[in-house]
Amino acid sequence: QGPNPHGMSEKRKKALALSALGIIILLGATLRFYALGAASIGNTYYAATVKSMLTSWDNFFFAAFEPGGSVSVDKPPVGFWVQAASAYFLGVNGFALALPQALAGVLAIPLMYHLVRKYFGVGAGLVSALVLALMPITIATERNNTIDGQLVFVLLLSTWMFLKAVETGKLGHLLAGAALVG
């Protein structure tokens, strides 16, 4: 494709947008992963829950706060299942407990770009990705063991599925979106 009236080919515009998105993702990853877990284990209540979950399958399934399994944590268990898997392989420490949130936060950035770009254009997609990458509250929650980073990522995935259901009329996308919200 040749140059357009503004002097830049579509191929060059796409490469520029992808480069900008790459820089935004790298910036977001740096802010989330720099010295991740070095300060502490995060919320001690949630750390104790993950440690308890590693003691038995019942505690794992029900996200039991204490090893006796009589008290469950006050959040849905899936986010803690992911943390427990991380802690199983890396040990119960600040890095292992925060890793799933940091990964989810970084993965949410290109997903946000994709969702916004499709309906509002490349510029809006890049701005939304940059805001998500730099927003202090997202960085703070994705650097500790609260499950908010995973929640944001899963809700963005469900939004993508719901939009695909509307576009294609396929029930499978609708059910996938509902499962992700659930």
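Quick notes on the packing of aromatic side chains
And step 1. Evaluated as defined, the whole model comprises eight aromatic pairs.
And step 2. Centre to centre, the rings of Phe61 and Trp81 are 5.9 Å apart; their planes meet at 25°, and the pair counts as stacked. Within this pair, whereas Phe61 is found in helix H3 (residues 57–62), its partner Trp81 is found in helix H4 (residues 78–90), the two being separated by 20 residues in sequence.
And step 3. Judged by relative accessible area, Phe61 falls into the partly exposed class, the value being 49%.
And step 4. For the ring pair Tyr88 and Phe89, a centre distance of 5.1 Å and an interplane angle of 90° mean the geometry is edge-to-face.
And step 5. A connected cluster of aromatic rings, assembled from ring pairs, spans Trp57, Phe60, Phe61, Phe62 and Trp81.

Brief notes about the pattern of salt bridges
And step 1. According to the stated counting rule, one finds three salt bridges in the structure shown.
And step 2. Note that Arg32 and Glu142 form a salt bridge whose closest N and O atoms lie 2.4 Å from each other. Of this pair, Arg32 sits in helix H1 (residues 10–33) while Glu142 is found in the loop between helix H7 (136–141) and helix H8 (148–168), placing the two residues 110 residues apart along the sequence.
And step 3. Here Arg32 falls in the buried class, since its relative accessible area comes to 0%.
And step 4. Exposure remark for Glu142: the relative accessible area of 1% places this residue in the buried category.
And step 5. With a closest N to O distance of 3.0 Å, Lys118 and Glu167 form a salt bridge.

Let's talk about the side chain of Thr49
And step 1. As for its position among the elements, Thr49 is in helix H2 (residues 44–53).
And step 2. A polar atom in the side chain of Thr49 sits 2.9 Å from the backbone oxygen of Tyr45.
And step 3. Excluding residues that lie within four positions of it along the chain, Thr49 makes contacts with Ala63, Ala64, Phe65 and Val73.

Describing the nonpolar core
Across soluble globular proteins, nonpolar side chains have a tendency to be buried as a group.
And step 1. Grouped together as the largest cluster of nonpolar side chains are 15 residues, with contacts concentrated most on Ile24, Ile109, Tyr113, Ala129 and Leu156.
And step 2. Of all the elements in the fold, those that place two or more residues in this core are H1, helix H5 (94–120), helix H6 (122–134) and H8.
And step 3. The greatest single-element share of this core, amounting to six residues, is contributed by H5.
And step 4. Counting eleven residues, the second largest nonpolar core, distinct from the first, contains Ala63, Val73, Ala84 and Leu97.

About the cut-offs
- Residues numbered from 1 in each chain as written.
- Predicted model: local features only at pLDDT ≥ 70, side-chain atom pairs only at ≥ 80, totals over all residues.
- Heavy atoms only, no water.
- Phe/Tyr/Trp six-rings, centres within 6.5 Å; stacked < 30°, edge-to-face > 60°.
- Helix = DSSP H or I, 4+ residues; strand = E, 2+ residues; numbered from the N terminus.
- Buried < 20%, exposed > 50% of the residue type's maximum accessible area, 1.4 Å probe, protein only.
- Salt bridge = Lys/Arg side-chain N within 4 Å of Asp/Glu carboxyl O.
- Polar contact = N/O pair within 3.5 Å; in protein donor to acceptor, adjacent residues only side chain to side chain.
- Contact = heavy atoms within 4.5 Å.
- Core = buried A, V, L, I, M, F, W, Y, C linked by side-chain atoms within 4.5 Å.

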